[in-house]
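The chain contents come next:
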Amino acid sequence: MEKQAKKKSFKWLWITLALIAVAAIGVWCGVNAKIAPDKNGLPTLNVFGLPALLTGIFIVTALGYLLGRITIKGVNLGTAGVFLVAILFGYLCTLIPQDIPVLNALRLEAGKGNTVYYKSVIQNVGLVMFVGSVGFIAGPKFFRDLAKNFKTYIVMGITIIVIGAALAVLFTVVSPEKFGSDFWAGVLSGSLTTTPGYSAAQEAMVAKFGQGADTLVTIGHAIAYPFGVIGVVLFVQLLPKFTKADMAYERSLLKPEVMEATEKKAEKKLFTCDDFGFTPLALAIVSGLILGGIKIPLFNGINFSLGTTGGVLIMCLVFGHFGRFGKLSLEVPTATVKTLKELGLMLFLIGAGVDGGVSLVSAVGGDLGILAWGFAGGVAMTIIPMIVGFFLGKYVLKLPLLSNLGSITGGMTSTPALGTLISTAETDDVAGAYASTYPIALVLIVIACNLLINLMM
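Residues numbered from 1 in each chain as written. Predicted model: local features only at pLDDT ≥ 70, side-chain atom pairs only at ≥ 80, totals over all residues. Heavy atoms only, no water.

Asker: Please clarify how the confidence of the model for the protein should be interpreted in this entry.
Answerer: Regions with low pLDDT should not have their predicted coordinates read in detail. Per-residue pLDDT for the protein averages 80, and the proportion of residues at 70 or more is 81%. When pLDDT is averaged over each helix and strand of the protein, the minimum, 49, is found for strand 2 (residues 43-44) and the maximum, 94, for helix 13 (residues 401-411). Contacts of residues 257-266 to residues separated by more than four positions or lying in other chains number one contact, the stretch itself having pLDDT below 50. (pLDDT = per-residue confidence, 0-100. Helix = DSSP H or I, 4+ residues; strand = E, 2+ residues; numbered from the N terminus. Contact = heavy atoms within 4.5 Å.)

Asker: Teacher, can you tell me more about the packing of aromatic side chains here?
Answerer: Each aromatic ring pair is summarised here by two numbers: the centre-to-centre distance and the angle between the ring planes. One pass over the structure, following the stated rule, counts eleven aromatic pairs. With centroids separated by 6.1 Å and ring planes inclined at 40°, the aromatic side chains of Phe179 and Trp373 adopt a geometry described as tilted. Of this pair, Phe179 sits in the loop between helix 4 (115-174) and helix 5 (181-191) while Trp373 sits in helix 12 (residues 368-396), placing them 194 residues apart in sequence. Judged by its relative accessible area of 2%, Phe179 is buried. Among the residues examined, Trp373 registers a relative accessible area of 29% and is labelled partly exposed. Between the aromatic rings of Phe276 and Phe278, the centroid separation amounts to 5.6 Å while the plane-to-plane angle is 20°, which identifies the pairing as stacked. Three or more aromatic residues joined by ring pairs form one cluster here, namely Phe171, Phe179, Phe183, Trp184 and Trp373. (Phe/Tyr/Trp six-rings, centres within 6.5 Å; stacked < 30°, edge-to-face > 60°. Buried < 20%, exposed > 50% of the residue type's maximum accessible area, 1.4 Å probe, protein only.)

Asker: Would you explain the packing of helix 7 (residues 215-242) against helix 14 (residues 415-425) in this entry?
Answerer: In a packed pair of helices, the relevant descriptors are the angle between the two axes and the axis-to-axis distance. Between helix 7 and helix 14, the least distance of the axes is 9 Å, while the angle of their chain directions is 20°. As summarised for this structure, helix 7 and helix 14 are arranged roughly parallel, according to the angle between their axes. Once helix 7 is placed against helix 14, the crossing between them reads as right-handed. Facing Val229, Val232, Val233, Val236 and Gln237 of helix 7, the residues of helix 14 in contact are Pro416, Ala417, Thr420, Leu421 and Thr424. Broken down by class, the residue content of the contact of helix 7 with helix 14 amounts to seven nonpolar, three polar and no charged. (Axes fitted to C-alpha atoms, helices over the stretch in contact; angles between N-to-C directions. Parallel < 35°, antiparallel > 145°, perpendicular 65-115°, else oblique. Left-handed = near helix turned anticlockwise from the far one by under 90°. Nonpolar A, V, L, I, M, F, W, Y, C, P; charged D, E, K, R; others polar.)

Following this line, the structure appears as structure tokens:
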């Protein structure tokens, strides 16, 4: 007992020292930060401004993981706790007056300041790290699983997106006139946490009505996005508990089929560039970014691209599947992908959360009506497609629970929920169902957001 008491006191001592250190660094950054605007009016980070950005990142990280560890009846937010703290951080930083030099370095405004770096750099770096790791994890079994369940994943992806789009149409019809289909297209993209869908809706509005016509798209997306993240994260944790699933049995259903023994030819030793697998990971990510940047014209002025997420995911799946190129090893060690997966998810949630907190304040302002309508619609577009998808997967398509949930996270294009599902399932094998459904859902959500505006405005 005495040892436990000492251990506990030491734990709180370290926590107190860490918080004091964080506060001291924050004050130092605030006093010394100097952010000079460039020719476009955006700040250029220098040696003094950079610590302010880093301070924000690590404050959110520490507090986010502490929040994520709070467990109520076996349920916790996990890494998604970082997202909630990031939203709060972004919101609070908008309230800092300009005339307080100690804190002014942390002040954030939509489209300006360090917000640009949170969104464009931190969020996207985290995204490619997470998605790239998932691709290498799922790659070795992906194409075999896809060939076996291809029709199933198509049905799941179509069902989830069609229901979400149908709800967006319904809300467009029943809501007040000031909430047009542009607003509900933004809510739909936010509910599914999809950047390509959001971009498609913006492009459609600008093409139809000119610059500045996409304001309601942005507002709808900003309102729905937070619950779009948290709702799916909680769903994949709560559902196994509600159904009283035997997780050990469910994991066994994901194991690859036993292959008949065959003689393996002795390989020549493969050349490995580095022990951590950073070289093949970097090559796959670069290839994915190039692939994701290719725009494919579909119809009625709609352009489709895989974007950062889709392009990187597909190329990392390919690299992970083949594992070699001639005598060059393309394998990334398990320890590397698991670490980068968590780090990438954390950075993605920080970037998305901080930007979301700032955008939400800027977009909504004092209009509680638009907040209430957007939130209610976002909750419906997040929850109802998942429930329908679950029952479809279980009773019609006969999917095992974890494959069902993996496919739902792919259909909802929810990167954070996949991270949570992997933790809940205690296996990376669920990534295969996500990766199989995600591209189908991605194509459909881009088309749906575009059609909502072109056919209903």
